[in-house]
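# Structural overview
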Amino acid sequence: MGLGSALKQKANQALGIGVEDAKLTKSYLSVAFIALLLGGILGLIQGLNRAGLLELPSWFTYYQVLTAHGILLVVVLSAFFTIGYFYAGLSHTLGGILPKVRRMAWIGFWMKIVGIVIAVIPILLNQASVMFTFYPPMAASPYFYIGLVFIVLGIWMCAFGAFINVAHWRKNHKGEHLPILAFFATGVFVLLFFGSLPVTAEVLMIIPWAFGWVETINVMLSRTLFWAFGHTLVNIWYLTAVSAWYVVVPKIIGGRRFSDTLTRVVIIALVVMNITGGFHHQIIDPGISESVKFMHVFMSLAIGFPSLMTAYAMFRVFERTARATGGTGFLGWYKKLPWGDVRFLAPFIAMVAFIPGGIGGIVQSTNQLNQVVHNTMWVVGHFHLTVGVSVVLTFFGISYWLIPYVSKRVLTPAINKLGIVMTWIWTVGMIFMSGAMHYVGLLGSPRRTSYTTYGDHATALSWDPYLFFLAIGGTLLMIGVIIQVYAAFHLMFLAPIGETEFPIAKEEDDASKTPYWTERWGVWIVIMLVLVSMAYVLPIVDFIVNAPPGSPPIRSW
Ligand code: HEM
Ligand SMILES: [Cu+2]
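The rules behind each value
Residues numbered from 1 in each chain as written. Chains lettered and ligands numbered in written order. Predicted model: local features only at pLDDT ≥ 70, side-chain atom pairs only at ≥ 80, totals over all residues. Heavy atoms only, no water. Near = heavy atom within 4 Å. Polar contact = N/O pair within 3.5 Å; in protein donor to acceptor, adjacent residues only side chain to side chain. Helix = DSSP H or I, 4+ residues; strand = E, 2+ residues; numbered from the N terminus. Donors = N, O, S within 2.8 Å, 3.2 Å for Na, K, Ca; no water. Tetrahedral: all angles 85-135°; square planar, octahedral: opposite > 155°, others 65-115°. Buried < 20%, exposed > 50% of the residue type's maximum accessible area, 1.4 Å probe, protein only. Salt bridge = Lys/Arg side-chain N within 4 Å of Asp/Glu carboxyl O. Expected span 1.5 Å × (residues − 1). Bend = angle between axes of the 7 residues up to and from the residue. Contact = heavy atoms within 4.5 Å.

## Topic: the site of ligand 1
The local shell around ligand 1 holds 27 residues, among which R50, Y62, H69, H384 and R448 are the closest. Q46 has a polar side-chain atom sitting 3.4 Å from a nitrogen atom of ligand 1. Contributions of two or more residues to the shell around ligand 1 are made by α2 (19-50), α3 (62-94), α14 (377-407), α15 (413-442) and α17 (464-493).

Here is the structure:
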């Protein structure tokens, strides 16, 4: 490493983040938490409506609310948090963000904001109540899709910025391993870029059709392109949360991180096998051969392996750290963990939620079981556990050190306590809401349907008690949202001035050396593309060559 670059990296780690890099991350996180507040309010409105407690006015329909809720939370909150977090991580571990990369991240920021505004206006005008999946033949105002294009381009700016920063570091650090958090960031941005290519193709097909320049659209092709992206996206948010589990949580509990080699192998496995699972969202779609569906299901279940490795690694770190601080007994060591520290408790509960979340995912990927739960509230219960707890609660936990770190402030005991209260409210709220959703889904209650009793049909009436629990859970979650948003902005603007460290755990002293082949990103990307081709070329060619008659745009609302 060059001397200048080495000094800069040391200075950066000793003095904390540079003002410019800090501003970038603060802006990204601010947008994320505003999206959380707005999305949360809309979620509560839906929850109350589903329970029959709130009738929506004709100028603000259930589908408008649902579209905005999905986009604000699963796109805006997640993307802005992820980018803000990883840019701070790159800044910290690579010796600062390069000025040109910082510019790219700002251009990306504004492109996304412009895109969100362009997409939200038609939603507010009830011209785009197509939900975040925007499946053709439902057609929104073309401007909705144009907004999405801007969001994707903005994300690409940030992805390429990250690649440039990483490449620059590697050039100056020949033969060294990329710092682990930057390795995670590379995996996430690789997936963000490649995963969003199919949805870009889809949106470019939709725009001329939505304008009426093209008469029909290939519905199966667009659904497939959507899920090649949608499925990848949720795993991108998951991989971001996992990065904090491996790298940050061990430091917070005063331990060391688990095997560096295993961590990198988990990342590579999650990147390589991800995009090829998309058809598990289309298990009951017609026109896809069983063998291709089977392959996607196999690939979906294959990513269960790295997750099991993660579960093992995490609990091993917990036990080791607790025993090193005097914990004893078969299970008694758990008392030594810092349960009163929100920076640990929130991601810990997030990990635990992934156990039922992952099991539910396996259920849904299974052909026969999928027939039972497909498009029911069960699915909504599933992803509020996975993205709504495993991912989001980890993000919340991160915010209690990341925001003070970038704001040059400190976490006070009072805000920590508030964070603990928020974490428990979120946990109980989600047990109620997600539990009720799972159960009522098994009883047949459909997702994406506003409150109805189907003319007082007995089956529909039997859902009511569960939908009531759903609303109670949703109300608790809204309280959690308010506390969390308050804590985030308090930490950004009001908490006492001071230095907060960026917690990155060291490896064990006796750790074995990580083999250098793990650094071969070019090879991983090629393998990923080979798997993607195996999974998608045949079905896509089939959809195009044997295309059924296309569909004109349909407005279903
Ligand atoms: C205050 C907290 C929340 C409440 C009360 C809530 C409630 C709901 C309800 C009732 C539905 C609609 C069910 C249906 O009719 O299909 C829903 C859908 C959804 N929620 Fe949430 N939610 C909350 C937080 C979150 C979070 C944190 C995320 C993700 C980060 C999230 C992501 C989604 C998504 C992606 C949908 C599906 C939208 C669609 O079907 O198009 N929600 N939520
Ligand atoms: Cu999926």
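## Brief notes about the coordination of the iron atom of ligand 1
Protein-derived coordination of the iron atom of ligand 1 comes from H69 (NE2) and H384 (NE2), at a distance range of 2.0 to 2.1 Å. Coordination at the iron atom of ligand 1 is octahedral, judged from the 6 donor atoms that bind it and the angles of 86 to 179° they form at the metal. One end of the pair, H69, is in helix α3; the other, H384, is in helix α14, and 315 residues separate them in sequence. Among the residues examined, H384 registers a relative accessible area of 15% and is labelled buried.

## Concerning the pattern of salt bridges
Charged atoms that come close allow side chains of opposite charge to pair. Within the structure shown, the criterion is met by 10 salt bridges. The residue R264 makes a salt bridge to E519 at a minimum N-O spacing of 2.9 Å. Here R264, found in helix α9 (residues 260-272), pairs with E519, found in the loop between α17 and α18 (521-545); they are 255 residues apart in sequence, far enough to count as distant. Residue R264 is classed as buried on the basis of its relative accessible area, which comes to 2%. For E319, the salt bridge identified is with R323, shortest N-O distance 2.7 Å. In this pair, E319 and R323 are both assigned in helix α11 (residues 304-324), 4 residues apart and thus about one turn of the helix distant. The exposure class assigned to R323 is partly exposed, which follows from its relative accessible area of 34%.

## Focus: α18
Counted at 1.5 Å a residue, the expected span for α18 with its 25 residues is 36 Å, and the 34 Å between its end C-alpha atoms agrees. At Y536, α18 is deflected by roughly 35°, the largest bend along its length, and proline P539 occurs up to four residues later in sequence. Listed as buried for α18 are W521, W524, M528, L531, V532, A535, Y536, P539, I540 and F543. The secondary structure elements touched by the buried residues of α18 are α5 (142-172), α6 (180-211), α7 (219-247), α9 and α10 (290-302).

Without other data, these values stay purely geometric and don't point to any function.
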